[in-house]
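Breakdown of the fold
For reference, the chains in residue letters:
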Amino acid sequence: MEHTGMQIARLSPDEALTALDSAIGGLAPREAARRLQEFGLNRVAAAAGTPWWLTLLGEFTHFFALVLWLAALLAFAAAFMEPGQGMFELGAAIVGVIVVNGSFSFWQTYRAEQALAALEKLLPQQVRVRRGGREIDLPAEQLVPGDILLLAEGAKVPADCRLVESWGLRVNLATLTGETYPKARSAAAEPAAEVDPLAAHCLLLAGTLVVSGEGAAVVYASGMRTEFGRIAHLTQHAGDTESPLQGEIRRVSRLVAMLALGLGSVFFALGQFVGLPFWANLMFAIGIIVANVPEGLLPTVTLSLALATQRMARRNALVRHLPAVETMGSATVILTDKTGTLTQNRMAVREWFAEGRHHLAAERWPAARDAHLRAVARFCHSLKFIDGQPTGDPMEVALWQFAGELPMNWQFAGEIAFDAERRRMSVYGREADGGGVLLCKGAPENLLPLCTTWREGHVTRPFDEKARECFRLAHEDLASRGLRVIACAWKTLVADEVPNEAGLELCGLIALEDPLRPDVHQAIERCHEAGLRVIMVTGDHPRTALAVGREIDLIRSREPRVLTGDEVCRMSAAELQIALDAVDVIFARVTAEQKMLVVQALQRKGEVVAVTGDGVNDAPALRMADIGIAMGMSGTDVAREAADIVLLDDHFGTIVNAIEEGRAVFANIRKFITYILTSNIPELIPYLAFVLFRIPLPLTVIQILAVDLGTDMLPALALGAEKPSSDVMRQPPRPRGERLLSGALLARAYLFLGPLEALGAMVAFFFVLEGFGWQYGEMLAANDPRYLQATTACLAAIVMSQMVNLFVCRHPSLPAWQFPLLSNRWLLAGLASEIALMLFITYTPWGNRLFGTAPLPLTVFLHTLPFVLFLGLAEETRKWLIRRA
C-alpha cells in the first residue's frame, strides 16, 4: 500500500489510483476507517523529550552545585555537633544559593517542545475529499492513503498526494524548498527515470500552498511519511549544540570548584597537622571552600545575559535561549537563506524589454506605445478580487499592479489555462462587432516560437531571424541577472474564430524579481568589516543566487564556487570541507539534509556557524547550527521554534546588530568575572592567616557570603550591562578556542588586584584590634565586641576596595575616566546598593545579628581609604604601562 513519491510520479493517474487501491470517486467509508487504523492519524509525531522534572533535577546536580551541596552538608553537620557557631545559618545560606541558582537557570533555559504544535498550525484543519462517490469535509488528521483530495486556490496541502485532475494548478513550495516562484503542477506522469518529489510536476507535498487553479489528487503518504514529516523528524533529532559560552561556563565552574575543594582539603590537613580542634578546623576548611567558590557567578552570568536579551529585543532581535546571546558574538560564518532573508519574499517588476531596448521599472509606462504590453500584464491572469484587491499568484499580482489602470474595450469570454507542458496561459474576449482579442503570457522559450510578428510602438514588424536573435539575447541577459522573464503577446480574433495561440504578435519581455531588502547592502558590508564570512544557501536556481550575491556585494571574486545540492551529496566530507576554502562560495538547489551537511562541514573546520532561515526546510539546520536565526514576520512557526534568535523585523541588518551585542557580552562577562574573582583573595587570605599565624579569624564565612551574594551582585551585573565599544565591529571574531577564563585574567584578579584588596582588609582588621590593645596570641570569642568590630572593618575594607575595582574593571587596558559614569546607569545603582547594604550590615541591629558585625567609627574608614585608592592608582598605572608597551 505504501508508495514513494518517485514511484507514484512515474505512474499515470489511472495507474496511481490502481496502485493505491482507490478510485476517482474516493474510498469507501469502511475502507477509509480501516486504513486510518493501519496508517494512523495524519499528523506529525512528537519526539521523545526529557521530562521537565529531570531537567529541573539537572540544575541542582551539576558539578558546581554538588560542591555547594557538600559545603552545606558539612555546615549542617558542624552545626549539629557544635551549635551556636553560625554554621546552621551558613548551611541555610548555601542551600538558598543552590535553590536560587537552579530555579532561575531552569526557568530561563527550560522550554516546552513546541515544534509539534507549530507544524500542526501549518497544516489545514479541515479538508474536502471524495469518499464513497460523495464530497465531504473532514479533519485533515483523518486523511489516509487513497483518499481523493479536492484542492482550490488558497488551500494548504495537508498530505503528500498525486494529481489525477488539474486545471491551471500552481503551487508555492517556499516552506519546503525556499524557492519564491510558484511551480506549475499537472496530472501528467513524470517521464524522468529518477524523480525528486520536490520537482515532480504531478506531486503536491504537505505544507505547500496552492496559489492558483484547482485539482483533485490521491493521497499516497500521510503523517510522518510525508516529506513534511521527514523534515520534522530531522528537526526533532538534529539535537541542540552546546554553545561556546555554555562550554566555557562549565569549564570555569569545574576549574574553580576543583580549586576550592583542593585548597579546602589541603588546609584541612594543615589545620589537623598544627593541632586545630576538629570542628574549628572543619569550619576553617568550609570557609576556604566558600571563599574560593564564586557563588554569585552563575546568577550574575544569567542576569547579564537576560539584560543583553532586553537590549537586543529593543533592536528587534528576540532571544529564545539565553546562551545564544554570547554565541552570536562568537559567530565566524553566517549561512543565510536568500528568499525572505536577503530578499523580501514577494514579486515585483524590475524591468521590461520592448522596441529593441531595456526599460527600468522606475520609468513610467508610456501612455500609448506600450498599450498592448500593458494590456497583457493587466488582463492575462487567473486572479480573484476581494474588495478590489487581487489575490492569487504573486507574479500575476505584480504584473497587474505594475500595468496600472487600463480601459477594457472587450468582454471577457474565457481562458486557455496554464499547464506545465505549455508553460503559458491565455485569456480571450469578444468585442461588440463579434471580433475579439487574445492575450497570452508565458515562458519565452515556449511562447516565442508561436509568434510571427512583433510590435514596435504602433508598428507591426515580421518576427524574422534578426528579431528572434534580438529577443533571445535580451532573454539571456535578463535571466543571467537572476530575473524571472515572462514573454507577452497578443492577437486579434475574427468573428467565430476558435481561440488559439497560433500566429501571435510579440509585445515584449517583462522581468520580475524578488526585491532585495533595503538595508542588506550595508549589513553585508558591516559583516565584511567585522571579519564575518557570509555564505548564501538557497533552494533557488544557481544563476539567480549568483546574481543576487553579486548585486549585494556578497560575491567579490571573479570566479566564485557555485555548488548545487546534488554536488554536495556526491562529495565526501573532506571534499566539502576543501570546497568551503574557496574565497566565495554559494550553495543553490539545496534541500534540508544538504544544508545540514554544509553546517556540519563548517563546524568540523572549527567555525562557529550562524544559520538564518524562514521556511520549514530551514528548521533542521537552524537546530543543528551553533546559532539559529529565524525570521519573525515571514518565517514559519517551525523555523521560529527551531531557532535561538528570532528577527522581529526580518531585516538581515538586525543580525549584525545582534552580533555586536553578542561580542559585547563576552567582553562584559570577562569584566565581571575579573571583578568577582578579585574578592576571592581577600576572602581567602584571612583564613590562611588564621591557621598559619594563630590569629583570630579576620572574616567569617557568613561575611564572605555577604560579599559574594550581596555587595558584589549588582555591581557585577552593572559590568555585564556595559554597552558595546565603538570598535567592536571592526575586529575579527575571536578564535573558537579562546578561553573565557584566560591566564591573563586569572593573573590580574588573583595575583594583582586580589592581593591589593587583601592588604587593605588585613590592615583594617589589625587597626581595630590595635585600637583595643589586642596582643598577638590572644584568641577572641565569637561574640567579643572587639572581634565583631575588627571583622566588620575587614569586611568594610573589601567592600570599599570593590567599589574602586568596579571602575578599573570597565576595561582591561583603557583608563576608567574614558568611560562616563552616566553611560551605564547600572553602575550608579551598583554603587548605591553596595553602600546601602554595607550600612545595613554595619549599623542596624538586624545586620549585626545576622552577619556577626558591630558599628564602626569614622576613623576606620579614613584609615582604610588610602589603601583603597592605592588599588585604583596601581591598576591604572598597570594599564598605562600596557598601552605604552
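Quick caveat: nothing in here was measured; it's all calculated off a predicted structure.

**Here we look at the pattern of salt bridges**
- All told, the structure shown has 37 salt bridges when counted by the stated rule.
- With a shortest N-O distance of 3.0 Å, E396 and R170 are connected by a salt bridge. Note that E396 is positioned in helix α16 (residues 394-403) and R170 in strand β4 (residues 160-172), a separation of 226 residues in sequence. The pair formed by E396 and R170 is uniform in burial state, with each residue classed as buried.

**Quick look at the confidence of the model for the protein chain**
- Averaged over all residues, the pLDDT of the protein chain equals 84, while 91% of them reach at least 70.
- Mean pLDDT across the secondary structure elements of the protein chain bottoms out at helix α7 (residues 115-122), with 41, and peaks at helix α31 (residues 785-808), with 96.
- Contacts from residues 111-120, a stretch scored under 50 in pLDDT, to residues over four places away or in other chains number 19 contacts.

**A few points about empty space enclosed by the protein**
- Evaluated as defined, the whole model comprises nine cavities of 30 Å³ or more.
- In this model, the largest cavity occupies a volume close to 100 Å³.
- No other element matches the three residues that helix α20 (residues 542-551) contributes to the lining of the largest cavity.
- Each residue belonging to the lining of the largest cavity can be placed in one class, and the counts come to four nonpolar, three polar and six charged.
- One number sums up the size of the second largest cavity: a volume of about 70 Å³.
- Along the walls of the second largest cavity sit E355, R369, D370, A371, H372, L373, R455, E456, G457 and C507, which together make up its complete lining.
- Of all the secondary-structure elements, those providing two or more residues to the lining of the second largest cavity are α15 (371-379) and β17 (451-456).
- For the lining of the second largest cavity, the leading source of residues is α15, giving three residues.

**Examining unusual backbone geometry**
- At D21, a residue that is not glycine, the phi angle is positive and equals roughly 50 degrees.
- Within the fold, D21 resides in the loop between α2 (13-19) and α3 (29-39).
- Not every positive phi belongs to a glycine, and R694 is a case in point at roughly 55 degrees.
- Within the element layout of this structure, R694 appears in the loop between α27 (680-693) and α28 (701-711).
- Taking relative accessible area as the criterion, R694 reaches 42% and is therefore assigned partly exposed.

**With respect to the pairing of strand β24 (residues 609-613)**
- Summarising burial for β24: five of the five residues are buried, a large majority.
- In β24, alternate side chains face the same way, and those of V609, V611 and G613 on one face and A610 and T612 on the other are all buried.
- Where strand β9 (residues 333-336) lies against β24, three bridges are found, and the strand directions are parallel. Residue pairing across strands places V333 opposite V609, the latter belonging to β24.
- Pairing of β24 with strand β25 (residues 627-631) involves four bridges; the strand directions are parallel. Each residue of the ladder has a partner; that of V611, found in β25, is G628.

**Concerning the nonpolar core**
- Residues M328, I645, F652, F672 and I673 are the most contacted members of the largest nonpolar core, which totals 137 residues.
- For F652, the contacting residues outside a window of four places in its chain are I334, T336, T341, L342, R517, D519, V520, A523, I524, C527 and V534.
- Listed in part, the 29 residues of the second largest apolar core include L580, A601, M624 and A630.

**Remarks on helix α26 (residues 652-678)**
- Taking 1.5 Å per residue, 27 residues should reach 39 Å; α26 reaches 40 Å between its end C-alpha atoms and fits that length.
- Within α26, 25 of the 27 residues are buried, which leaves the element mostly enclosed by the surrounding structure.

**Re the sheet that holds strand β26 (residues 645-647)**
- The sheet built from eight strands is open, its strands ordered β8-β26-β25-β24-β9-β21-β23-β22 with mixed pairing. Each edge of the sheet is formed by a strand with only one pairing partner; in this case those strands are β8 (317-319) and β22 (561-564). Pairs of neighbouring strands in the sheet enclose a mean axial angle of 20 degrees, with direction left out of account.
- Relative to strand β23 (residues 585-588), β22 runs parallel, the two being bridged by four bridges. The partner of L563 across the bridge, within β23, is F587.
- Seen against the sheet, helix α23 (residues 592-604) touches β9, β21 (533-537), β23 and β24 and runs at an angle of roughly 160 degrees to β24.
- Sheet strands in contact with α26 are β8, β9, β21, β24, β25 and β26, and its direction is about 160 degrees off that of β9.

**Some details on the side chain of D393**
- Counting through the fold element by element, D393 comes out in the loop between β13 (389-391) and α16.
- For D393, a relative accessible area of 0% gives the class buried.
- Separated by 2.7 Å, the side chains of D393 and R170 make a polar contact.
- Residues contacting D393, with those up to four places away along its chain left out, are R170, P182, V211 and L383.

**A look at the environment of R250**
- Residue position: R250 is located in helix α10 (residues 244-274).
- On the basis of relative accessibility, which here comes to 39%, the residue R250 falls in the partly exposed class.
- Along the backbone, R250 and H62 are 188 residues apart, and their C-alpha atoms lie at a distance of 9.2 Å.

**Observations concerning the environment of G531**
- If you trace the backbone, G531 turns up in the loop between α19 (520-529) and β21.
- Taking the relative accessible area as the measure of exposure, G531 reaches 41% and is therefore partly exposed.
- Linking G531 and M729, residues 198 residues apart in sequence, is a C-alpha distance of 8.5 Å.

**Side note on the packing of helix α30 (residues 743-771) against helix α34 (residues 858-884)**
- Viewed as axis vectors pointing N to C, α30 and α34 meet at an angle of 165 degrees, and their least axial separation amounts to 9 Å. It follows from the interaxial angle that α30 and α34 lie roughly antiparallel. α30 and α34 meet at a crossing whose hand is right-handed. The segment α30 lies against α34, with R748, F752, L753, L756, E757, L759, G760, V763, A764, F767 and V768 engaging T859, V860, H863, T864, F867, F870, L871, A874, E875, R878 and K879.

**Quick word on the packing of helix α29 (residues 713-720) against helix α32 (residues 825-843)**
- In contact at an axis separation of 8 Å, α29 and α32 are set at 170 degrees when each is read in the N-to-C sense. In terms of orientation, α29 and α32 fall into the roughly antiparallel class. Between α29 and α32, the residues in contact are L714, P715, L717 and A718 and W826, L827, A829, G830, S833 and E834, respectively.
- Taken together, the residues of the contact of α29 with α32 break down into seven nonpolar, two polar and one charged.

**A look at the packing of aromatic side chains**
- Summed over the entire model, instances satisfying the criterion amount to 10 aromatic pairs.
- Look at F765 and F766: their rings are 5.4 Å apart centre to centre, the planes differ by 75 degrees, and that puts the pair in the edge-to-face class.
- We classify F765 as buried; its relative accessible area is 0%.
- Put simply, the rings of F353, W454, F463 and F471 pair up and form one aromatic cluster.
- Over the ring of W400 we find R378; its NZ or CZ atom is 3.8 Å from the centre of that ring.
- It is R734 that lies over the ring of F666; its NZ or CZ is 3.5 Å from the centre.

Calculation rules
- Residues numbered from 1 in each chain as written.
- Predicted model: local features only at pLDDT ≥ 70, side-chain atom pairs only at ≥ 80, totals over all residues.
- Heavy atoms only, no water.
- Salt bridge = Lys/Arg side-chain N within 4 Å of Asp/Glu carboxyl O.
- Helix = DSSP H or I, 4+ residues; strand = E, 2+ residues; numbered from the N terminus.
- Buried < 20%, exposed > 50% of the residue type's maximum accessible area, 1.4 Å probe, protein only.
- pLDDT = per-residue confidence, 0-100.
- Contact = heavy atoms within 4.5 Å.
- 1 Å grid on protein atoms, 1.4 Å probe; cavity = no way out; pocket = protein on both sides within 12 Å on 5 of 7 lines; lining within 4 Å.
- Points joined across faces, edges and corners; volume = space filled by probe spheres on them.
- Nonpolar A, V, L, I, M, F, W, Y, C, P; charged D, E, K, R; others polar.
- Pairing = 2+ DSSP bridges.
- Core = buried A, V, L, I, M, F, W, Y, C linked by side-chain atoms within 4.5 Å.
- Expected span 1.5 Å × (residues − 1).
- Axes fitted to C-alpha atoms, helices over the stretch in contact; angles between N-to-C directions.
- Polar contact = N/O pair within 3.5 Å; in protein donor to acceptor, adjacent residues only side chain to side chain.
- Parallel < 35°, antiparallel > 145°, perpendicular 65-115°, else oblique.
- Left-handed = near helix turned anticlockwise from the far one by under 90°.
- Phe/Tyr/Trp six-rings, centres within 6.5 Å; stacked < 30°, edge-to-face > 60°.
- Lys NZ or Arg CZ within 6 Å of the ring centre and 35° of its normal.

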